[in-house]
Amino acid sequence: MAGDKNFVLKGNICYSEDAKNLKLVEAGWLVCREGLCAGVFETLPEEYASYPVTDCGDQIITPGLVDLHVHAPQYAFRGLGMDLELLDWLNTNTFPEESKYRDLEYAKSAYGIFADSMRSSATTRACIFATIHNQATKLLMDLMEETGLKTMIGKVNMDRNSPEYLCEESAEQSVADTVKWLEDTADQYKNVRPILTPRFIPSCTDELMRKLKEVQKKYDLPVQSHLSENQGEIAWVQELCPESRFYGDAYDQFGLFGGDVKTIMAHCVSSTEEEIELMRERGVYVAHCPESNTNLSSGVAPVRTYLDKGVNVGLGSDVAGGSKESIFYAMAHAVQVSKLRWRLQDTSLKPLTVEEAFYLGTMGGGSFFGKVGSFMEGYEFDALILDDSDIRHPQPLSLKERLERFIYLSDERHIKGKIVAGNRIF
């Protein structure tokens, strides 16, 4: 079936219709027509009878998973420094590691491991931070292109409050390097797109942010950054930007906070009501990173509030703040931390359900890429074929129960097939 984007998968199909509704079809037929979903059917319509069929037997078929926030250069030190808070962790682990990517041989080795892991994972789409280094970022784009995943990758900008060995010498240099990176990689990829990536307000001067807005506008780029992750960080932003009403306003004053700029803000653990309302108005996406927020003592984001208020939300692994690239793992953590927030902090915010966590990791984050993350008609055909046969149990289980157990108990060994935009990855 290589290169053929008209085909059918037969199996136990699970997908979200919205945050509340999980659609389950046992022994169903999932049709891919020209790389798009034509629908899920209990009986295969006659018009698709000529399409080749892959019978997945009793395996589970879900949409591909979406990682809205992951740091590729941090993959090399997963599981280290988890006893530190955010700002200490950045200085102790992150910045020294990211400085190594000026060495292309090191970058090739480290990014090769990252790309291989992402290819074998359940992730089909991802928004990825690189480093400040142009050549290494281009190398990462080359490697991710080869995986067949659809990704957005950003060269990081940071011209203040960073170690000398990992700080661009001026706003002018940072912008010049960013423009060169954009020009050098323009029209070279089918699967990879650039995304503007100011690391966060503390590492970017006002001058740099103003200039990045000009770059964003000229090249029509989406934006990714961090927001309201940690109390110390929030206080620091207030000191650096005393005229801003809140952290998000520090981005908004430069025109880099949603609206006509597609924007992801990672974490949003401690966003105020005013900040949340502006995110909702501007269509800003929250990349909820529950494991990272636990590991780095940041807290628990009010995801129930975001969903109830109509804020766009997806999941992020935030490697290496998070220890695994698995978005199934992030779904499980999202449920767990929401229960802790409900129990310990705010009993008015009900914990997330399995249906909602699954939605966040598929359709919720997928919408940043367009019609992605569901099997409803017209959605891009990203799919996983999942074998749970060795997750043993003595009792009969419903399809929903099997999916829930898969979220909590599976790893990449259980992923038997992966399709992105109608193209088979494996």
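Residues numbered from 1 in each chain as written. Predicted model: local features only at pLDDT ≥ 70, side-chain atom pairs only at ≥ 80, totals over all residues. Heavy atoms only, no water.

## Considerations on the overall build of the chain
Counting secondary structure elements, the chain contains 13 helices and 17 strands. Each principal axis of the C-alpha atoms in the chain carries an extent, and together these give about 60 × 50 × 40 Å. The 426 residues of the chain split such that 61% are buried. Of the roughly 16800 Å² that the chain leaves accessible, carbon and sulfur atoms contribute 47%. (Helix = DSSP H or I, 4+ residues; strand = E, 2+ residues; numbered from the N terminus. Buried < 20%, exposed > 50% of the residue type's maximum accessible area, 1.4 Å probe, protein only. Areas by Shrake-Rupley, 256 points an atom, 1.4 Å probe, with all protein chains shown as cover.)

## Details of the pairing of strand E3 (residues 36–41)
Pairing geometry for strand E2 (residues 22–33) and E3, over five bridges, is antiparallel. Paired with tryptophan 29 across the strands is phenylalanine 41, a residue of E3. Once E2 ends, the chain turns through two residues before running back antiparallel as E3, passing glutamate 34 with a positive phi of about 55°. (Pairing = 2+ DSSP bridges.)

## What about the sheet that holds strand E1 (residues 7–16)?
If you walk across this open sheet you meet the seven strands as E3-E2-E1-E4-E15-E16-E17, and the pairing is mixed. Of all the strands in the sheet, just E3 and strand E17 (423–424) have a single pairing partner and so form its edges. As defined by bridge partners, strand E15 (residues 383–386) adjoins strand E16 (residues 415–420) across four bridges and the pair is classed as antiparallel. Looking across to E16, one finds that alanine 383 is bridged to isoleucine 419. Those strands touched by helix H12 (residues 354–366) are E1, E2 and strand E4 (53–63), and its axis lies near 125° from that of E1. The sheet strands contacting helix H13 (residues 399–409) are E1, E2, E4 and E15, and the helix crosses E2 at an angle near 80°. (Contact = heavy atoms within 4.5 Å. Axes fitted to C-alpha atoms, helices over the stretch in contact; angles between N-to-C directions.)

## Brief notes about the environment of alanine 332
Mapped onto the secondary structure, alanine 332 falls in helix H11 (residues 327–344). In this structure the C-alpha to C-alpha distance between alanine 332 and valine 175, which are 157 residues apart in sequence, comes to 39 Å. In contact with alanine 332, not counting residues within four places along its chain, are Ile407 and Tyr408.

## Quick look at the sheet that holds strand E6 (residues 123–129)
Strand order in the open sheet formed by four strands is E5-E6-E7-E9, with parallel pairing between adjacent strands. The sheet is open, and its two edges are formed by strand E5 (65–71) and strand E9 (192–194), each paired on a single side. Shown here is a sheet whose adjacent strand axes are inclined to one another by a mean of 20°, direction ignored. Across five bridges, the pairing between E5 and E6 is parallel. Bridge pairing in E6 links valine 70 to isoleucine 128.

## Here's the deal with the side chain of serine 174
Mapping serine 174 onto the fold places it in helix H4 (residues 171–185). A polar contact is formed between the side chain of serine 174 and the side chain of glutamate 168, at a distance of 2.7 Å. (Polar contact = N/O pair within 3.5 Å; in protein donor to acceptor, adjacent residues only side chain to side chain.)

## Brief notes about the packing of aromatic side chains
Enumeration over the complete set of coordinates arrives at 15 aromatic pairs. With a centroid separation of 5.8 Å and an interplanar angle of 10°, the aromatic rings of tyrosine 247 and tyrosine 251 are classed as stacked. Note that tyrosine 247 and tyrosine 251 are positioned in helix H7 (residues 247–252) at a spacing of four residues, about one turn of the helix. The class for tyrosine 251 is buried, based on a relative accessible area of 1%. Ring pairing ties together the aromatic residues Phe7, Tyr15, Phe375 and Phe381, which thus form one cluster. Directly above the ring of tryptophan 29 sits lysine 10, whose terminal nitrogen or CZ lies 5.2 Å from the centroid. Directly above the ring of phenylalanine 368 sits lysine 262, whose terminal nitrogen or CZ lies 5.4 Å from the centroid. (Phe/Tyr/Trp six-rings, centres within 6.5 Å; stacked < 30°, edge-to-face > 60°. Lys NZ or Arg CZ within 6 Å of the ring centre and 35° of its normal.)

## Some details on the side chain of glutamine 224
For glutamine 224, the location among the structural elements is in strand E11 (residues 223–227). Of the residues examined, glutamine 224 reaches a relative accessible area of 1% and is grouped as buried. Here the side chain of glutamine 224 touches threonine 197 through a polar contact of 3.0 Å, side chain to side chain. If we ignore the near neighbours within four places in the chain, the residues touching glutamine 224 are Cys127, Ile128, Phe129, Gly154, Ile195, Leu196, Thr197, Pro198 and Ile264.

## Brief notes about the pattern of salt bridges
If charged atoms from side chains of opposite charge come close, those side chains can pair. Applying the stated criterion across every chain, the model contains 19 salt bridges. Arginine 282 serves as the salt-bridge partner of aspartate 252, at 2.3 Å between the closest nitrogen and oxygen. In this pair, aspartate 252 is assigned in helix H7 and arginine 282 in helix H8 (residues 273–282), connecting sequence segments 30 residues apart. Note on aspartate 252: relative accessible area 18%, which makes it buried. (Salt bridge = Lys/Arg side-chain N within 4 Å of Asp/Glu carboxyl O.)

## Some details on the packing of H11 against H12
In the contact formed by H11 and H12, the axes pass within 9 Å of each other and the chain directions differ by 140°. The orientation of H11 relative to H12 falls into the category oblique. Of the two elements, H11 crosses H12, and the hand of that crossing is right-handed. Between H11, through Ile327, Met331 and Val335, and H12, the contact on the second element is made entirely by Ala357, Phe358, Gly361 and Thr362. Residues of the contact of H11 with H12, tallied by class, amount to five nonpolar, two polar and no charged. (Parallel < 35°, antiparallel > 145°, perpendicular 65-115°, else oblique. Left-handed = near helix turned anticlockwise from the far one by under 90°. Nonpolar A, V, L, I, M, F, W, Y, C, P; charged D, E, K, R; others polar.)

## Brief notes about unusual backbone geometry
Backbone torsion omega between valine 319 and alanine 320 reads 15°, so that peptide bond is classified as cis. As for its position among the elements, alanine 320 is in the loop between strand E14 (312–315) and H11. At histidine 267, a position not held by glycine, the phi torsion is positive, near 90°. By the element assignment, histidine 267 lies in strand E12 (residues 263–267).

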